[in-house]
Amino acid sequence: MDALTDARDLVAERFPDATWAMLTGSVLGPDRTAGSDLDIVVLRGEEQPGYRESLYFRGWPVELFVHTPARLAVSLERELAQRKPSTHRMIARGVPLFGEPGDLQVRCAQVLAAGPPPLSGAEGDRLRYGLTDLLDDHKHAVDIGERAVIAAAVWTESARVALAFAGRWLSSGKWLLRELRALDPDFADRWLAARDEPAALAAEVLAKAGGPLFEGYRA
């Protein structure tokens, strides 16, 4: 299956009036698997709607990310505020199918390399408070089911707090682990090993972030 050819044909069929389009995602690199899909970013004029759509094409699962210039600008700005550069990453690492994105790929790559904006005091306090609260819930949980659910939340949030206080990008799913491995492979291994009993590692992360925060927290 030729990802580039099929993606180019799909765009020509569905978006003949697009300004530009690019193929991106794991299908282009060493992380490609049998289940990799065609992630396609499309830019159209403002008179057309922007949306996300999932479909199949020639046996491929396809994820379409259709933007107008205004929608794309808002998405990129929102990602910076959330520290989750999904669209930046897709554009920076994409392969143009047709059209010319100009210097957008370079600018997105520069944002990725620079990292997120500095963590504000309020953001740091919110993260510390959230993890403190989860650890307290986990400590006192008596219902086995609730304890398992809380443990999963503690495990995920400990990774997010570690990344945020290290000045790294946040993410979810497989990209959460990839960001942790880029930050510290040894810590990433310890985090994986702590999946079922995450409290001790989470407490360590919280201590490095400034310690628990509950009394006096106000937002």
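Below is a summary of the structure that appears in this document. (Residues numbered from 1 in each chain as written. Predicted model: local features only at pLDDT ≥ 70, side-chain atom pairs only at ≥ 80, totals over all residues. Heavy atoms only, no water.)

Here we look at the pattern of salt bridges
Next up, step 1: All chains considered together, the criterion is met by twelve salt bridges.
Next up, step 2: Residues Arg160 and Glu157 are paired through a salt bridge, measuring 3.0 Å at the closest nitrogen-oxygen approach. On the criterion of helical spacing, the pair formed by Arg160 and Glu157 is a turn pair, its members being three residues apart in helix α6 (residues 144-165).
Next up, step 3: With a relative accessible area of 15%, Glu157 lands in the buried category.
Next up, step 4: Members of the salt-bridge network, linked through shared partners, are Asp6, Asp9 and Arg58. (Salt bridge = Lys/Arg side-chain N within 4 Å of Asp/Glu carboxyl O. Helix = DSSP H or I, 4+ residues; strand = E, 2+ residues; numbered from the N terminus. Buried < 20%, exposed > 50% of the residue type's maximum accessible area, 1.4 Å probe, protein only.)

Observations concerning the packing of aromatic side chains
Pairs of aromatic rings are described using the distance from one ring centre to the other and the angle between the two planes.
Next up, step 1: Under the criterion given, the structure shown has three aromatic pairs.
Next up, step 2: Relative to Tyr217, the ring of Tyr129 lies with its centre 4.5 Å away and its plane at 15 degrees, an arrangement referred to as stacked. Of this pair, Tyr129 sits in helix α5 (residues 121-140) while Tyr217 sits in the segment after α9 (199-208); the two residues are 88 residues apart in sequence, bridging distant segments of the chain.
Next up, step 3: Here the aromatic residues Tyr129, Phe214 and Tyr217 are joined through ring pairs into a cluster of three or more.
Next up, step 4: The ring centre of Trp175 lies 3.8 Å from the NZ or CZ of Arg89, which sits over that ring. (Phe/Tyr/Trp six-rings, centres within 6.5 Å; stacked < 30°, edge-to-face > 60°. Lys NZ or Arg CZ within 6 Å of the ring centre and 35° of its normal.)

Describing helix α4 (residues 104-114)
Next up, step 1: Considered for burial, the residues of α4 that qualify are Leu104, Gln105, Cys108 and Leu112. Projected down its long axis, α4 shows its buried positions confined to an angular sector of 100 degrees, all on one face. Projecting away from the buried face of α4 at angles above 90 degrees are the exposed residues Ala113 and Ala114.
Next up, step 2: On its buried side, α4 packs onto β1 (20-24), α2 (69-82), α3 (86-92) and β5 (95-98).
Next up, step 3: Of the residues flanking the end of α4, it is Gly115, one or two places downstream, whose phi is positive at about 85 degrees. (Arc of directions from axis to C-beta. Contact = heavy atoms within 4.5 Å.)

Considering unusual backbone geometry
Next up, step 1: You will see that Arg58, though not glycine, has its phi angle at about 50 degrees, which is positive.
Next up, step 2: With respect to the secondary-structure elements, Arg58 resides in the loop between β3 (51-57) and β4 (60-67).
Next up, step 3: Arg58 gets classed as partly exposed once you look at its relative accessible area, which sits at 49%.
Next up, step 4: Backbone geometry at Arg83 places phi at a positive 65 degrees, although glycine is not the residue there.
Next up, step 5: Among the structural elements, Arg83 can be located in the loop between α2 and α3.

Observations concerning the sheet that holds β5
Next up, step 1: Spatially, the five strands line up as an open sheet ordered β3-β4-β2-β1-β5, and their pairing is mixed. The sheet is open, and its two borders are formed by β3 and β5, each paired with just one other strand. Across the sheet, the mean angle from the axis of one strand to that of its neighbour is 25 degrees, orientation sign disregarded.
Next up, step 2: Pairing of β3 with β4, which is carried by seven bridges, proceeds in the antiparallel orientation. Following the sheet pairing, Glu53 is matched in β4 by Leu64.
Next up, step 3: Sheet strands in contact with α2 are β1, β2 (38-43), β3 and β4, and its direction is about 100 degrees off that of β4. (Pairing = 2+ DSSP bridges. Axes fitted to C-alpha atoms, helices over the stretch in contact; angles between N-to-C directions.)

What about the packing of helix α7 (residues 174-183) against helix α8 (residues 185-193)?
Next up, step 1: Between α7 and α8, the shortest axis-to-axis distance is 5 Å and the interhelical angle comes to 140 degrees. In terms of orientation, α7 and α8 fall into the oblique class. The segment α7 lies against α8, with Leu176, Leu177, Leu180, Arg181 and Leu183 engaging Pro185, Phe187, Ala188, Trp191 and Leu192.
Next up, step 2: The class makeup of the residues in the contact of α7 with α8 is nine nonpolar, no polar and one charged. (Parallel < 35°, antiparallel > 145°, perpendicular 65-115°, else oblique. Nonpolar A, V, L, I, M, F, W, Y, C, P; charged D, E, K, R; others polar.)

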